[in-house]
Amino acid sequence: MIRHDILIVGNGLAGLAAALSADPKLSTAVISKVHPLRSHSVAAQGGVNAPLGNSPAGRDDSPERHAYDTVKGGDFLADQDAAELMCREAVPTIIELEHLGVPFSRFPGGVIAQRPFGGAGFPRTCYAADRTGQVMLHTLFEQALKRNVKLYNEFMVTKLVLKNGRCCGVVAYAYDRGEFVPIRARAVVFAVGGYGRLYLRTTNAYTTLGSGIGLAFQAGLPLKDMEFIQFHPTSLYGKNILISEAARGEGGYLVNCRGKRFMADYAPQAMELAPRDIVARAIQTEIDRGRGFEGEYVHLDLTHLGRDKILKRLPAIREICIKFAGLDPVETPIPIQPAQHYSMGGIDVGNDCATGVPGVFAAGECSCVSVHGANRLGGNSLLETVVFGKIAGRSASLYARGAGAGPAGAEKALQDGLRKVEKQVEGWEKRTEGVPIHHLLQRMKVLMTAKAGVFRDRKNLREAVDGVLQMRRDYGRVIRTGRNRRYSQEIVNIFEFEHSLELAEAITRGALHREETRGSHFRTDFPKRDDKKWLKHTLAYLRNGKVELGSKKVRFTKYKPEERKY
Ligand SMILES: Cc1cc2nc3c(=O)[nH]c(=O)nc-3n(C[C@H](O)[C@H](O)[C@H](O)COP(=O)(O)OP(=O)(O)OC[C@H]3O[C@@H](n4cnc5c(N)ncnc54)[C@H](O)[C@@H]3O)c2cc1C
């Protein structure tokens with residue numbers, strides 16, 4: 001049996017940051033469905049926040065101002081000590097990344113350049129043109145290679161195995177062998193990213209179906225604030241490839257079919273740089289009220305920025321527009337529409353990234369610390385992955401050093417887990433009639449997009465919950481049409497779907513339950529924030545196959561809830 005002290009699931013920024021901070025005396029491995037440079041982190045464009053104060057307009061910036069903007073942007077649902085921790089760590093983290101070799105863009109004079117981003121009081125977002133995630137991921141990957149971190153690429157974890165409530169390890173599908181393997185680990189760190197592909201319109205990579213979060217939920221770990229899903233205001237119409245907030249940070253305008261910069265009606269001061277939830281709703285409202293183009297999109301106009309600025313600051317955006325929309329943003333406005341982008345909720349963890357299960361940790365987008373509250377500010381997610389990835393690596397090391405041999409019977413539990421997974425696959429293969437997986441996946445995407453999108457209400461959310469429950473029943477009839485088990489996308493898809501079923505139920509039930517509007521969660525039937533009743537986190541538990549909801553207090557330090565005005 002493969003054995004490690006620490007197994008990190010996911011090799012995006014959070015996973016690699018965890019691997020690099022793990023105790024080098026321990027045996028640490030990173031396992032992922034894809035090669036590290038194909039994790040979704042590679043797609044991050046706009047930048048990463050830190051109050052360096054390098055911009056002339058940012059001289060008064062500080063960790064406190066960053067924390068305040070983060071808490072306010074999150075509509076006061078963030079745990080304030082967690083947000084403060086992240087913002088305190090931001091400057092040293094950027095300096096460390098720079099020393100590791102991240103080639104950040106520069107201002108004349110040589111200091112790291114910073115651009116304005118939505119909901120931020122100062123230009124605070126450090127960047128490498130519009131390829132920030134790519135350069136950060138390449139740098140951390142190089143460091144992982146340098147330190148000989150063991151990488152299992154093209155392995156999908158299909159089960160988290162616990163014994164007596166403690167971590168034993170995982171069972172994983174090895175693509176190249178077409179086999180399932182148990183992996184013993186004293187500590188497991190989930191760094192499995194988000195679940196954008198549960199939606200039809202998403203900026204996320206094909207790998208982000210939430211399977212990692214779902215299998216943690218199935219193993220009994222509670223999820224927090226799953227109803228809070230970020231819809232990015234500006235995805236390329238039709239393709240939904242992200243057009244980074246950097247385009248507005250650099251001065252882009254949002255314009256409706258009447259030629260009006262309509263953000264004046266929604267956020268007169270911040271205009272295009274209001275937080276994402278506000279801008280996404282403004283765009284959707286314009287489209288719904290007939291002020292969009294072809295009833296589907298509005299324009300993001302960069303033409304006034306000039307060719308030089310676009311080529312220097314937004315080269316990848318320009319390339320995306322030319323390749324995927326056949327237009328050059330130097331000359332033509334970009335058609336854009338909102339799309340699912342980010343998950344504020346996730347596996348419930350404390351500031352040390354520990355879950356309630358001894359030996360299991362989580363960091364990055366899949367976790368909910370919570371630093372983003374009800375709405376994440378652009379540039380804060382990359383920061384979270386590195387800051388909390390590092391903390392998770394340290395916490396897991398501390399645990400693994402003290403865990404001794406782990407729970408008695410761990411290896412037998414893993415073998416039992418393996419047999420269960422194999423039986424499951426045999427079950428799909430034995431069936432001669434039933435539903436092919438792509439039908440179910442497509443139904444899920446359509447349902448989530450139509451019923452749990454930017455605007456929500458009781459009727460639609462009820463239908464969403466019922467639809468998910470129906471799919472849980474239909475999943476019982478899933479069939480595998482192929483027989484080859486090597487590199488089987490069908491096996492991957494069936495597991496992805498199975499893991500995302502209860503996850504989708506947690507999202508939709510949470511959204512139905514929360515009868516208020518806060519951050520990204522907009523209820524047309526409860527359009528006001530209600531601090532008296534709802535200033536609390538939602539917790540979702542899976543008990544005897546049923547999703548149940550509870551709540552948890554929000555932790556406050558010094559920021560009093562106030563109305564968000566921009
Ligand atoms: C297009 C785009 C642009 C963005 N731009 C920015 C930006 O400019 N600034 C910012 O702050 N944020 C940005 N974000 C958000 C940010 O990039 C992500 O939240 C962050 O990179 C997530 O990192 P992660 O390490 O948590 O997960 P990911 O990078 O998504 O990695 C998840 C990993 O988990 C693995 N995995 C999942 N399930 C399993 C399983 N069952 N078994 C094995 N492996 C599994 C995957 O293979 C992958 O390796 C952007 C997001 C998108 C989609």
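Residues numbered from 1 in each chain as written. Predicted model: local features only at pLDDT ≥ 70, side-chain atom pairs only at ≥ 80, totals over all residues. Heavy atoms only, no water.

Quick look at the overall build of the protein chain
Part 1 of the argument: From N to C terminus, the protein chain includes 15 helices and 23 strands.
Part 2 of the argument: Over its C-alpha atoms the protein chain spans a radius of gyration of 23 Å, differing by no more than 12% from the 24 Å that the globule rule assigns to 566 residues.
Part 3 of the argument: A principal-axis box enclosing the C-alpha atoms of the protein chain has dimensions of 65 × 50 × 50 Å.
Part 4 of the argument: Each of the 566 residues in the protein chain was classed as buried or not, and the buried ones make up 63%.
Part 5 of the argument: Long-range pairs, those at least 24 residues apart, make up 73% of the contacts in the protein chain between residues at least 6 apart in sequence.
Part 6 of the argument: Carbon together with sulfur atoms contributes 50% to the accessible area of the protein chain, which is approximately 20900 Å² in total. (Helix = DSSP H or I, 4+ residues; strand = E, 2+ residues; numbered from the N terminus. Rg over C-alpha atoms; globule rule 2.2 N^0.38 Å. Buried < 20%, exposed > 50% of the residue type's maximum accessible area, 1.4 Å probe, protein only. Contact = heavy atoms within 4.5 Å. Areas by Shrake-Rupley, 256 points an atom, 1.4 Å probe, with all protein chains shown as cover.)

Observations regarding the site of the ligand
Part 1 of the argument: The environment of the ligand is made up of 39 residues, and the closest members are S39, H40, S41, E365 and S381.
Part 2 of the argument: The backbone of L13 places a nitrogen or oxygen atom 3.2 Å from an oxygen atom of the ligand.
Part 3 of the argument: Within the backbone of L382, one N or O atom sits 2.7 Å away from an oxygen atom of the ligand.
Part 4 of the argument: Sorting the residues of the shell around the ligand by element identifies helix 1 (13-21), strand 7 (155-163), helix 5 (211-218), strand 14 (334-343) and helix 10 (380-402) as the ones contributing at least two each.
Part 5 of the argument: Counting residues per element, the shell around the ligand draws most heavily on helix 10, at 4 residues.
Part 6 of the argument: Its residues assigned to classes, the shell around the ligand comprises 15 nonpolar, 21 polar and 3 charged. (Near = heavy atom within 4 Å. Polar contact = N/O pair within 3.5 Å; in protein donor to acceptor, adjacent residues only side chain to side chain. Nonpolar A, V, L, I, M, F, W, Y, C, P; charged D, E, K, R; others polar.)

Regarding empty space enclosed by the protein
Part 1 of the argument: All chains considered together, the criterion is met by 2 cavities of 30 Å³ or more.
Part 2 of the argument: Empty space within the largest cavity amounts to approximately 40 Å³.
Part 3 of the argument: Forming the boundary of the largest cavity are I229, F231, D277, A280, R281, V454 and S520.
Part 4 of the argument: Listing elements by their share of the lining of the largest cavity, those giving two or more residues are strand 11 (229-236) and helix 7 (276-288).
Part 5 of the argument: For the lining of the largest cavity, the element with the highest residue contribution is helix 7, accounting for 3 residues.
Part 6 of the argument: Here the second largest cavity is characterised by a volume of approximately 30 Å³.
Part 7 of the argument: Every residue lining the second largest cavity is listed: H513, R514, W534, K536, H537, T538, G550 and S551.
Part 8 of the argument: Secondary structure elements with two or more residues in the lining of the second largest cavity: strand 22 (536-543) and strand 23 (546-553). (1 Å grid on protein atoms, 1.4 Å probe; cavity = no way out; pocket = protein on both sides within 12 Å on 5 of 7 lines; lining within 4 Å. Points joined across faces, edges and corners; volume = space filled by probe spheres on them.)

A word on the sheet that holds strand 5 (residues 125-126)
Part 1 of the argument: Pairing within the open sheet is antiparallel, and its 3 strands lie in the order 3-5-4. Only two strands of the sheet have a single partner each, and these edge strands are strand 3 (48-49) and strand 4 (114-115).
Part 2 of the argument: The pairing of strand 3 with strand 5 spans 2 bridges and is antiparallel. Each residue of the ladder has a partner; that of N49, found in strand 5, is T125. (Pairing = 2+ DSSP bridges.)

Description of the packing of aromatic side chains
Part 1 of the argument: Enumeration over the complete set of coordinates arrives at 14 aromatic pairs.
Part 2 of the argument: Relative to F155, the ring of Y152 lies with its centre 5.3 Å away and its plane at 70°, an arrangement referred to as edge-to-face. Just as Y152 is buried, F155 falls in that class too.
Part 3 of the argument: Note on F455 and F522: the rings are 5.4 Å apart at their centroids and 90° apart in plane angle, and the pair reads as edge-to-face. Here the residue F455 occupies a position in strand 19 (residues 455-456), and F522 occupies one in strand 21 (residues 522-523), the gap between them amounting to 67 residues. (Phe/Tyr/Trp six-rings, centres within 6.5 Å; stacked < 30°, edge-to-face > 60°.)

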